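Architecture at a glance
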Amino acid sequence: MSRFAPFALAAAAAAAFALPAAAEIDRPECIAPAQPGGGFDLTCRIAQQGLEPFLDRQVQVTFMPGGIGAVAFNMFNTTRTDDPNAIVAFSTGSLLNLITGKYGDWSIDDARWLATAGTDYGAVVVLADSPYKTLDDLMAALKEDPSSITIGAGGSVGSQDWMKAALLLKTIDGDPRKMRYVAFDGGGEAIAGVLGGAIQVYTGDIGEMTSHMDGSLRILGVMADERLAPPFDQFATLKEQGYDAVWPIMRGFYMGKDVSDEDYQAWVDIFEKAHGSEEYRKIQSEKGLLPLDLSGEEFTAAVRAQTQQLHDLAVETGLITE
Amino acid sequence: MMEVLHGLGTGFAVALSPLNLLLVLAGCFAGTLIGALPGIGPINGVAILLPIAYGLGFPPESALILLAGIYYGAEYGGRISSILLNVPGDAGAVMTTLDGNPMARNGQAGKALSLSAVASFVGGTIAVVLLSLFGPMLARFGVKFQPSDYVALMVFAFACLASLVGSSPLKTLTGALIGLMLATIGVDANTGVQRYSFGIPDLLAGIDFLVIVIGLFGMAELFHLVEQQIRGRLTTVPIDKSFVSWADIARTKWTMLRCSLIGFIIGTLPGTGASVASAVAYGTEKRLAGSTAGTFGTGDIRGLAAPEAANNGSATGAMVPMLTLGIPGSGTTAILLGALLMFNVTPGPLMFEQRPEIAWGLIASMYIGNIALLVLNLPLVGLFARMLTIPQHYLTPLIAILAFIGIYSIVGNPFDLYMIIGLGVFGWILRKLDFSLAPVILGFVLGGLFENNLRRALSISGGDWGILFSTVDSLVLYALAIAVVVIPLWLGRRAARRANAAFDA
């Protein structure tokens, strides 16, 4: 408990003495709802390094693993609902968990959505000597018989990774439930699967492809709205190849739902300043993320939009009932 | 070959710089201590210290060398609490308790500690030599290993498990079954459906390895100790000054060599780790021991050397897919991979070309680390062995506190503290009923891997079970599995027949 005690004290002290107007972030903390070394850790490091010039004190990174983010979400809806110092890392995958009830009965209204750390985009990947030379080859084969091709990714059926494959199939009016989907335990194992020939297609993320741009894999398309910046500018988007599947994997931060407007706005202001700086951009790309700068109202709207999209897809594919 | 030597040259130049040398030694030392604490294994040691290593602002190769030192240091240290306290530090050290702890109770704690240090050294060193020579080639082999081959490997591991069947096959199998059942808790990896989570969010991700090991083993052992103490049946172990002899090493040299290889190969396969490697190694050795296998489980030095050589071999083996392909082979290497990314280094096939100082520096540090660990561990044997002389009424609460801190520092969730208590009571009851706990843990470890890969294989084939027998690798493994079960039975029958024939004549 010692880790949390100071914050409880600080929060109590702030509540007792501070004037509401003086919104100050005196002990900034970023909570990565996972073990160290994972994607949420990286997200928090972006806050730690990227916000450094704009805060009096460095952001502390703490870890709260458990229940694929559920433990942290519950914590911020039960005990730390108004903590003005803490931000929690989340991703598109967390939103999907929220929709499908894996976080309990909470909804997206139970948090204050703060700002993005950056984004990644889905990518359709095959082996370099795959018979599918182009996306058209693959889609034609999928159209012929969706169950003739093994598609794999790092998550279970109904996960964010699976959604990418489902979305791909939907562009040709295929039934995602007919696809032959293989669930791996994380992107690393799925990449091993495609390299070893266990699966033919991998619906991964473009960011993780930096380690594999040695010619062993071929990227058939990127699930972004438009061409990305180098070194990914060589890959055509799905959209420009005639398949309307866009899949950003947002990474960002939320706060407890009872955080006051002043405290929330103080954080939004800091993120707005950071988003405009060169230094932040550099840190973002070093951590494997692509630019996407949203905060405050705008960000909340984006979260809502993506949640709606996820919800519709989940209903359509029978993951949840209305 | 020249390439490897050149690479190692670069690597040693990096690893032997004063700062890095100091860091590898510090890492190994800290790792040994961390591993020796019940409840904190390599994965947690690295996870806890990663933010610190990051905060110290070292260059990436130095930070990575420090973390890797902690990794194999902890793999070394894990054996200490297994041997002395019968509480494994992590899942990979479970098999070490089987013969290590009886040795300590027979007054051979010093010998057990020193022999296992030698076995760990052999396992680690053979593995790092193989890693430098054949890393990329092995990585390609590991990747070619299909889900259906993993199924065959798990069948083989289960067959090896059958060698654990002691006096009561029914209880061993029931134990393994309990482990399998525990493995099904949480979100199903294939369909995303919740299983046996009863709507409790803390159970969604399943029960952590560590919680099972600490609960079933550690807490149950503590309850057992307390019970003994209350009944006044606690016997004090005399301080022993025993030490490994050359004869012991000569007797276990083939065991160590074989198990180092087994450990390394299983370690290179993404997804399988020290726990599978040590189980397969122990089972294989017990099978190979033939008529002398009866002493396994009662403090046989071969039963101690086997899992220790294997788990250190696999710790290094797990580095192969991480370094050469950027694919983590185990939980700990997944964290190391995250650490690389945090230091803005992209792991994978390009790392050896783009950042040779990191890739080769890390490999060179493994050579140094292994020697450092042996040198560090042998003189400390006497000190560790004296731990047994700490009066039980101080030791028991100390272990309990360490276990709770260990679990809480990692999981950060009070729910798991209740869970280890519950599992501890359950484990204690199982012990009262004469169940061995190792099959439960192995059932848990193997069960998850078996199920996931079986379902992956069947998704690939579209439900055709024929895929399980479609590759040479899998057929070889099935043949080995059958051999492991049948040959001892057959040998036993033949020996009995001969004995009968001799008797009749």
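Nothing here was measured: the structure is a model prediction, and the numbers come from that model. (Residues numbered from 1 in each chain as written. Chains lettered and ligands numbered in written order. Predicted model: local features only at pLDDT ≥ 70, side-chain atom pairs only at ≥ 80, totals over all residues.)

1. Examining the overall build of chain B
For chain B, the helix and strand inventory stands at 19 helices and 2 strands. Taken over the C-alpha trace, chain B has a radius of gyration of 22 Å; the compact-globule value for 505 residues is 23 Å, and the two agree within 12%. Principal-axis analysis of the C-alpha atoms gives chain B an extent of 70 × 60 × 60 Å. When burial is assessed residue by residue, chain B has 58% of its 505 residues classed as buried. (Helix = DSSP H or I, 4+ residues; strand = E, 2+ residues; numbered from the N terminus. Rg over C-alpha atoms; globule rule 2.2 N^0.38 Å. Buried ≥ 20, exposed ≤ 12 C-beta atoms within 10 Å, placed from the backbone.)

2. Section: the overall build of chain A
Tallying secondary structure elements over chain A gives 10 helices and 9 strands in all. Here the C-alpha radius of gyration of chain A, 20 Å, is about what a compact globule of 322 residues would show, namely 20 Å. Relative to its full complement of 322 residues, chain A shows a buried share of 53%. Pairs at least 24 apart in sequence give 76% of the contacts found in chain A among residues at least 6 apart. (Contact = placed C-beta atoms within 7 Å.)

3. Considerations on the domain arrangement of chain A
Residues and elements named next belong to chain A. According to the domain assignment, chain A consists of domain 1 (25-119 + 250-316) and domain 2 (120-241). Domain 1 puts 9 residues into the contact, and the matching count from domain 2 is 11 residues. A total of 3 residues in the side of domain 1 that touches domain 2 trace back to one element, the largest contributor, which is helix α4 (residues 92-99). Residue classes in the side of domain 1 that touches domain 2 are distributed as 4 nonpolar, 5 polar and no charged. (Domains from an automatic or database assignment. Nonpolar A, V, L, I, M, F, W, Y, C, P; charged D, E, K, R; others polar.)

4. What to know about the nonpolar core
Counting residues in hydrophobic clusters, the biggest one holds 268 residues, and the most contacted among them are L67, A157 and I441 of chain B. Among the elements that take part in this core, helix α5 (residues 94-144) of chain B stands out by supplying 22 residues, more than any other. A domain split of this core shows at least three residues from each of domain 1 (25-119 + 250-316) and domain 2 (120-241) of chain A. Setting aside chain neighbours within four positions, we find A157 of chain B in contact with V276, A279, V280 and L446 of chain B. (Core = buried A, V, L, I, M, F, W, Y, C linked by C-beta atoms within 7 Å.)

5. A short note on helix α3 (residues 70-78) of chain A
Within α3 of chain A, the full set of buried residues consists of A70, V71, A72, F73, M75 and F76 of chain A. Where the residues of α3 of chain A are buried, they touch β1 (29-32), β3 (86-91), β4 (111-127) and β9 (248-256) of chain A.

6. Here's the deal with helix α2 (residues 39-50) of chain A
Residue and element names in this part refer to chain A. When the terminal C-alpha atoms of α2 are compared, their 16 Å separation across 12 residues agrees well with the 16 Å that a helix rising 1.5 Å per residue should span. Where burial is concerned, most of α2 is hidden: 11 out of the 12 residues are buried. Those residues of α2 lying buried are G39, F40, D41, L42, T43, C44, R45, I46, A47, Q48 and G50. (Expected span 1.5 Å × (residues − 1).)

7. Digging into the interface of chain B and chain A
Across the contact, 44 residues belong to chain B and 46 residues belong to chain A. Of all the secondary structure elements, the ones that give two or more residues to the side of chain B that touches chain A are α3 (42-55), α5, α13 (331-342) and α18 (438-461) of chain B. A class-by-class count of the residues in the side of chain B that touches chain A yields 25 nonpolar, 15 polar and 4 charged.

8. Some thoughts on the packing of helix α6 (residues 147-161) of chain B against α18 of chain B
All names here are of chain B. It is the contact of α6 with α18, at a shortest axis distance of 8 Å, that shows an interaxial angle of 155°. In this view, α6 runs roughly antiparallel relative to α18, as classed from their interaxial angle. Taken as a pair, α6 and α18 cross one another with a handedness that is left-handed. Contacts between α6 and α18 pair P147, S148, Y150, V151, M154, A157, F158 and L161 from the former with P439, L442, L446, L449, F450, N453, L454, R456, A457 and I460 from the latter. Its residues assigned to classes, the contact of α6 with α18 comprises 15 nonpolar, 2 polar and 1 charged. (Axes fitted to C-alpha atoms, helices over the stretch in contact; angles between N-to-C directions. Parallel < 35°, antiparallel > 145°, perpendicular 65-115°, else oblique. Left-handed = near helix turned anticlockwise from the far one by under 90°.)

9. Examining unusual backbone geometry
With the exception of glycine, most residues fall at negative phi, and the peptide bonds are largely trans. All names here are of chain B. Residue N86 is not a glycine yet carries a positive backbone phi of 65°. Within the secondary structure, N86 is located in the loop between α4 (60-85) and α5. In this structure N86 comes out as buried when scored by C-beta crowding, with 23 C-beta atoms within 10 Å.

10. Quick notes on the packing of α4 of chain A against helix α10 (residues 296-316) of chain A
All names here are of chain A. Axis separation between α4 and α10 bottoms out at 10 Å; the angle between their running directions is 55°. In terms of orientation, α4 and α10 fall into the oblique class. For the element pair α4 and α10, the recorded crossing hand is right-handed. Counting all contacts with α4, which are made through T92, L95, L96 and I99, the residues of α10 involved are V303, Q306, T307, L310, H311 and A314.

11. Details of the pairing of β9 of chain A
All names here are of chain A. Within β9, 8 of the 9 residues are buried, which leaves it mostly tucked inside the rest of the structure. Note: β3 against β9, 4 bridges, orientation antiparallel. From the neighbouring strand, S91 faces β9, where its bridge partner is R251. Examined bridge by bridge, β4 and β9 share 9 bridges and lie antiparallel to one another. The partner of A111 across the bridge, within β9, is G256. (Pairing = 2+ DSSP bridges.)

12. As for the environment of F54 of chain A
Residue and element names in this part refer to chain A. Positionally, F54 belongs in the loop between α2 and β2 (60-63). Judged by the 15 C-beta atoms lying within 10 Å of it, F54 is partly exposed. For the pair formed by F54 and E278, sequence separation is 224 residues and the distance between their alpha carbons is 13 Å.

13. So, the environment of P397 of chain B
By the secondary structure assignment, P397 of chain B is in helix α16 (residues 392-411). Residues P397 of chain B and L222 of chain B, 175 residues apart in the sequence, show an inter-C-alpha distance of 8.5 Å.

14. Looking at the confidence of the model for chain B
Residue and element names in this part refer to chain B. Residues of chain B with pLDDT of at least 70 account for 95%, and the chain-wide mean is 83. Looking over chain B, one finds the lowest element-wise mean pLDDT in helix α14 (residues 351-354), namely 77, and the highest in helix α11 (residues 301-317), namely 91. Model confidence for the complex: the whole-complex pTM is 0.79, and ipTM, which rates the interface, is 0.75. (pLDDT = per-residue confidence, 0-100.)

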